Amino acid sequence: MLSTPMSIVDLHCHSTASDGELAPEAVVAEAAAAGVKTLALTDHDTVDGLDAALRATQAHGMRLVPGIEISVTLDRHTLHVLGLGIDPSAPVLRSGLAEVQLKRAARAKAIAAKLERLGVVNALQRAEDMASGGQITRSHFARLLIEAGLVKDTQRAFKRYLGQGRQAYVSSQWAHLPDALEWIHNSGGIAVLAHPFKYPVTRTARHRILKTFKELGGDAIEVCCGTSDANEISEAARDALEFGLAGSIGSDYHGPDQPWAKLGRVAPLPGGVTPIAAMRH
Ligand code: AMP
Ligand code: MN
Ligand code: MN
Ligand code: MN
């Protein structure tokens, strides 16, 4: 496998404000060590890590692009929409996120109830402790399943329990796409459809999603992610041109335990794709 070159721009990663393993300051320190100059912290449905990340990037002489990864439901699909360059204090964004956070808490309770029936003791409290005040995600329940000895690793946790249709899966109606786009744009951000190949949909369905995303005002597609292969990058680049979307790049880093997604390890945007404004430096 050809190794992916390092980039000085990384516009997608996570901290302990959601399901990342490292605190925002530690994420920034890792990014600095990897040579990243422009970093977007994009936690799931929360802006809580951004103050600490901003202070840390200033200390390291880096630029922080304030970001978010919003959970969205479109038809029956769950999509992830990044908001880049948002104002985290914007009231419309904050009240929208508060709604999604309530849904996250309710879903966590329902997942925990299923896990308790499968023999995991005190599941909700343990997941809350793992999230330590951050958003509770399925990644936390995956860690709990490993800790409880029900599975050996994260992949099995999703495959057997947490993935769509599995024993402890709970579906949720996340933000409506037009609402999420409104929250992002109202707060001054750019809306990017994250990791277009991570949705379990056909090519036709992906194109329908991109068409709707564009029609509703979406700005860009994440052309290169930490896990992209060359085929996915060229297909995403074609999609960007076909649907009139700009391109973004980001590792989707979650922590040192996921060696396949490292900060700054993301391919450059292919020629011909318009880079989003946040990539200018
Ligand atoms: P949630 O938004 O709470 O449903 O959790 C989604 C998160 O779970 C994603 O952002 C990933 O970090 C993680 N995730 C989803 N599927 C998998 C998988 N198959 N293996 C590892 N992590 C996964
Ligand atoms: Mn995640
Ligand atoms: Mn995502
Ligand atoms: Mn992500």
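Note that the coordinates shown come from a computational prediction; the quantities given were computed from them, not determined experimentally.

A.B. asks: Could you give an account of the overall build of the protein chain, with specific residues and numbers?
C.D. replies: Counting its secondary structure elements, the protein chain contains nine helices and eight strands. Relative to the globule expectation of 19 Å for 281 residues, the C-alpha radius of gyration of the protein chain, 18 Å, shows essentially globular dimensions. With respect to the three principal axes, the spread of C-alpha positions in the protein chain is 55 × 45 × 45 Å. Within the span of the protein chain, comprising 281 residues, buried residues form 52% of the whole. The centroid of the 29 positive side-chain charges in the protein chain is displaced by 6 Å from the centroid of its 30 negative side-chain charges.

A.B. asks: Tell me what's going on with the coordination of the manganese ion (ligand 3), and back it up with residues and numbers.
C.D. replies: The manganese ion (ligand 3) binds to the protein through Glu69 (OE), His80 (ND1) and His195 (NE2), with metal-donor distances spanning 2.1 to 2.2 Å. Mapping the donors of the manganese ion (ligand 3) onto the primary sequence gives the spacing E-x10-H-x114-H. Separating the manganese ion (ligand 3) and the manganese ion (ligand 2) is a distance of 5.4 Å. Taken together, the positions of Glu69 in strand 3 (residues 63-74) and His80 in strand 4 (residues 77-84) put the pair eleven residues apart, joining distant regions of the chain. Considered together, Glu69 and His80 belong to a single accessibility category, that of buried residues.

A.B. asks: So what's going on with a positive patch on the surface? Which residues, and what values?
C.D. replies: On the surface, Lys152, Lys159, Arg160 and Arg166 cluster together into a patch of positive charge. Mapped onto the elements of the fold, Arg160 is located in helix 6 (residues 154-162). By relative accessible area, which is 43% here, Arg160 ends up partly exposed.

A.B. asks: So what about the environment of Pro259? Which residues, and what values?
C.D. replies: With respect to the element layout, Pro259 can be found in the segment after strand 8 (246-250). Among the residues examined, Pro259 registers a relative accessible area of 48% and is labelled partly exposed. Placed 243 residues apart in sequence, Pro259 and Thr16 show a C-alpha to C-alpha distance of 18 Å.

A.B. asks: I'd like to hear about the coordination of the manganese ion (ligand 2), residue by residue, with values.
C.D. replies: Around the manganese ion (ligand 2), the protein contributes the donor atoms Asp19 (OD), His44 (NE2) and His254 (NE2), which lie 2.2 Å from the metal centre. Mapping the donors of the manganese ion (ligand 2) onto the primary sequence yields the spacing D-x24-H-x209-H. Owing to a relative accessible area of 6%, His44 belongs among the buried residues under this scheme.

A.B. asks: With reference to specific residues and values, describe unusual backbone geometry.
C.D. replies: In the Ramachandran plot, Asp75 falls in the positive-phi region, its phi being about 50° despite a non-glycine side chain. For Asp75, the position within the fold is in the loop between strand 3 and strand 4. Taking the relative accessible area as the measure of exposure, Asp75 reaches 65% and is therefore exposed. You will see that Asn122, though not glycine, has its phi angle at about 60°, which is positive.

A.B. asks: Explain the site of ligand 1 to me, and be specific about the residues and the numbers.
C.D. replies: Taken together, the residues surrounding ligand 1 are Asp19, His44, Arg104, Arg107, Thr137, Arg138, Ser139, Thr154, Gln155, Phe158 and His254. Residue Asp19 places a side-chain N or O atom 3.1 Å away from an oxygen atom belonging to ligand 1. Contact between ligand 1 and Arg138: an oxygen atom at 2.7 Å from a side-chain N or O atom of the residue. For the shell around ligand 1, the secondary structure elements donating two or more residues are helix 3 (91-117), helix 5 (138-147) and helix 6. Ranked by the residues each element gives to the shell around ligand 1, the list is headed by helix 6, at three residues. Split by residue class, the shell around ligand 1 holds one nonpolar, six polar and four charged.

The rules behind the values
Residues numbered from 1 in each chain as written. Chains lettered and ligands numbered in written order. Predicted model: local features only at pLDDT ≥ 70, side-chain atom pairs only at ≥ 80, totals over all residues. Heavy atoms only, no water. Helix = DSSP H or I, 4+ residues; strand = E, 2+ residues; numbered from the N terminus. Rg over C-alpha atoms; globule rule 2.2 N^0.38 Å. Buried < 20%, exposed > 50% of the residue type's maximum accessible area, 1.4 Å probe, protein only. Lys, Arg positive; Asp, Glu negative; His and termini not counted. Charge placed at Lys NZ, Arg CZ, Asp CG, Glu CD. Donors = N, O, S within 2.8 Å, 3.2 Å for Na, K, Ca; no water. Patch = residues over 30% accessible without salt bridge, like charges linked within 9 Å, V, L, I, M, F, W, Y side chains within 5 Å. Areas by Shrake-Rupley, 256 points an atom, 1.4 Å probe, with all protein chains shown as cover. Salt bridge = Lys/Arg side-chain N within 4 Å of Asp/Glu carboxyl O. Near = heavy atom within 4 Å. Polar contact = N/O pair within 3.5 Å; in protein donor to acceptor, adjacent residues only side chain to side chain. Nonpolar A, V, L, I, M, F, W, Y, C, P; charged D, E, K, R; others polar.

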